[in-house]
Amino acid sequence: MSGEPAPGEHPRELAVAFRTLGCKVNRVESDNIAAELLGRGCRVVDEDEAAVIIINTCTVTAEADSKARKAVRQALKAAGEPVVVVTGCLAALDAEGLRALGDRVVVEADKEAVAARVAEALGMRADATAPAARTGEGFRTRVAVKIQDGCDNFCTYCIVPYARGVPRSRPADEIIAEVESLVAAGVREVVLTGINVAKYHDPEATRLAWLCSAIARETGIERIRVSSVEVPGFGPEMLQAMAFSRQIVPHFHVPLQSGSDRILEAMGRHYTAEQFHEILRACQLIRTDITYTTDVITGFPGETEEDHAGTMELCEKMGFSRLHVFRYSPRKGTPAAEMPDQVPPEVKARRAEELRALDARLRQRFVESRLGQTVEVLVERVEDGVAEGTTREYLRVRVPAGDTRVGETIEVVLEAGMIVRS
Ligand code: SF4
């Protein structure tokens, strides 16, 4: 009898590991690659047990670049000398630099081709089998679905359009079919995700709001959430869609970036502070249950104390339920990196701190406004008699589980002690 393991018995055979950096779109894309590899018979394991490690990179800041390179170096040192397949935005912008990190590095910027490259590295046949459903162990009750890729806004601080290319939308019927299969597998909430979902536009002239309606109507999914939407993708059309489909949850993340028109213009954002305020408030006057969260960048080149005060004031006036605060950092290859009047780091740090303090106040105010109300919680986890899940307005809560099961929606009267993340 030979000492060689039989096919399928070798511990590293068809074993792959993932390390995903950056945004939600990267996570969806890694899930899709994992689904395709599971469909081909692979197993997803820890890095030290893998024959191939897939690193899905981000390049949004210089720090993201160094994290990606560090991840590749660490993967090369994992036990068993795995092949390291690198994809994602840094792979699109600096394939040569990544290849130079080691002989076992394979760079594949095209995410659609990653599974085939991994299969090749594992010595598998190149033909694809049906992707496995993105549910079950390792996947979630709430699943992100990618509806588009790319952006042509070219905000002056952002490298993403150079890495991701122009907007491309998935056909609506393909998205609907994916959501149908997720519903059949027990998924209760989908999060529509993309690089700039406001650019969603399929050949049948379907836009984002109508895509949401069509998904609601055709699939019957319990909740549809839009992950992050630029101002042009949000407005009366979305309100109309929400009027017919309660499944579209009334929480929208709409990036503001700055409350100063001068800075918005320098950033290449195509709205004024007043337009942002008018559009979002008008929707809220009609649908009083709508809540907004946002992103702001502080310390953009040329930002004065007056500009910063304008951002603080607008955020306060908007009553966001959460602010994500980012300190501007110059990204090589973008126009803003070459702009004069870069803001000193200590000024950026102080402004970021002020914005974070405002975020804490706004969150507190929002939570207090909801206490005592009946909210719906979609349960994503039950452990030790405690059920944890998210409300329609994206509060993360924990309640006694009773006989509640994962995937159920329960109604609870909101108390402060239940909230684990606002
Ligand atoms: S909208 Fe602006 S910030 Fe967002 S991906 Fe496009 S260029 Fe980057």
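This one's a predicted model, so the numbers in the text were calculated from it and none came from an experiment.

1. Details of the overall build of the protein
Thought 1: If you tally the helices and strands in the protein, you get 13 helices and 18 strands.
Thought 2: Expected size for 422 residues packed as a compact globule is a radius of gyration near 22 Å; at 23 Å, the protein falls within 12% of this value.
Thought 3: Overall, the C-alpha framework of the protein stretches about 75 × 60 × 45 Å when taken along its three principal axes.
Thought 4: Put simply, the protein has 422 residues, and 52% of those count as buried.
Thought 5: At a minimum sequence separation of 6, the contacts of the protein that also span at least 24 residues come to 73%.
Thought 6: Put simply, the protein has 53 plus and 64 minus side-chain charges, and the middle of one group is 2 Å from the middle of the other.

2. Digging into the packing of aromatic side chains
Thought 1: For the structure shown, the criterion picks out seven aromatic pairs.
Thought 2: Relative to Phe276, the ring of Tyr271 lies with its centre 5.7 Å away and its plane at 40°, an arrangement referred to as tilted.
Thought 3: In this structure Phe276 comes out as buried when scored by relative accessible area, which is 0%.
Thought 4: Clustering of aromatic rings is evident, with ring pairs tying together Tyr157, Phe300 and Tyr328.
Thought 5: The ring of Tyr394 is capped by Arg421, whose NZ or CZ atom sits 4.7 Å from the centre of that ring.

3. Digging into the site of the ligand
Thought 1: Near the ligand the following residues occur: Cys151, Asn153, Phe154, Cys155, Tyr157, Cys158, Val160, Pro161, Ile195, Asn196, Glu230 and Arg269.
Thought 2: When grouped by side-chain class, the residues that make up the shell around the ligand number eight nonpolar, two polar and two charged.

4. Digging into the environment of Thr298
Thought 1: Checked against the element boundaries, Thr298 lands in strand β12 (residues 291-298).
Thought 2: Looking at Thr298, the relative accessible area reads 1%, which means it is buried.
Thought 3: Linking Thr298 and Pro340, residues 42 residues apart in sequence, is a C-alpha distance of 16 Å.
Thought 4: Every residue in contact with Thr298, bar those within four places of it in the chain, is listed here: Glu303, His308, Val325, Phe326, Arg327, Tyr328, Lys348, Arg351, Ala352 and Leu355.

5. Overview of a nonpolar patch on the surface
Thought 1: Side chains of Leu93, Phe154 and Tyr162 sit close together on the surface and give an oily, nonpolar patch of about 270 Å² of accessible area.
Thought 2: Assignment of secondary structure puts Tyr162 in helix α6 (residues 160-164).

6. Digging into the domain arrangement of the protein
Thought 1: Partitioning the protein into domains gives domain 1 (12-122), domain 2 (139-249), domain 3 (251-370) and domain 4 (374-421).
Thought 2: Contact residues are listed per partner, giving 23 residues for domain 2 and 30 residues for domain 3.
Thought 3: At the junction of domain 2 and domain 3, the tally comes to one salt bridge.
Thought 4: The salt bridge involving Glu230 is made with Arg269; its shortest N-O contact spans 2.4 Å.
Thought 5: Linking domain 2 with domain 3 are nine residue pairs in polar contact (both at pLDDT 80 or more), by the criterion used here.
Thought 6: Sorting the residues of the side of domain 2 that touches domain 3 by element identifies β10 (223-226), α9 (236-244) and β11 (248-253) as the ones contributing at least two each.
Thought 7: Counting residues per element, the side of domain 2 that touches domain 3 draws most heavily on α9, which supplies five residues.

7. Regarding the pairing of strand β9 (residues 189-193)
Thought 1: Most of β9 is tucked away, with five of its five residues classed as buried.
Thought 2: Burial along β9 is two-sided: the residues Glu189, Val191 and Thr193 and Val190 and Leu192 are all buried.
Thought 3: Pairing geometry for strand β6 (residues 142-146) and β9, over five bridges, is parallel. Bridge assignment links Val143 to a residue of β9, and that residue is Val190.
Thought 4: Bridge count for β9 against β10 is four bridges, and the pairing is parallel. Counterpart to Glu189 in the pairing with β10 is Arg223.

Scoring rules and cut-offs
Residues numbered from 1 in each chain as written. Predicted model: local features only at pLDDT ≥ 70, side-chain atom pairs only at ≥ 80, totals over all residues. Heavy atoms only, no water. Helix = DSSP H or I, 4+ residues; strand = E, 2+ residues; numbered from the N terminus. Rg over C-alpha atoms; globule rule 2.2 N^0.38 Å. Buried < 20%, exposed > 50% of the residue type's maximum accessible area, 1.4 Å probe, protein only. Contact = heavy atoms within 4.5 Å. Lys, Arg positive; Asp, Glu negative; His and termini not counted. Charge placed at Lys NZ, Arg CZ, Asp CG, Glu CD. Phe/Tyr/Trp six-rings, centres within 6.5 Å; stacked < 30°, edge-to-face > 60°. Lys NZ or Arg CZ within 6 Å of the ring centre and 35° of its normal. Near = heavy atom within 4 Å. Nonpolar A, V, L, I, M, F, W, Y, C, P; charged D, E, K, R; others polar. Patch = residues over 30% accessible without salt bridge, like charges linked within 9 Å, V, L, I, M, F, W, Y side chains within 5 Å. Areas by Shrake-Rupley, 256 points an atom, 1.4 Å probe, with all protein chains shown as cover. Salt bridge = Lys/Arg side-chain N within 4 Å of Asp/Glu carboxyl O. Domains from an automatic or database assignment. Polar contact = N/O pair within 3.5 Å; in protein donor to acceptor, adjacent residues only side chain to side chain. Pairing = 2+ DSSP bridges.

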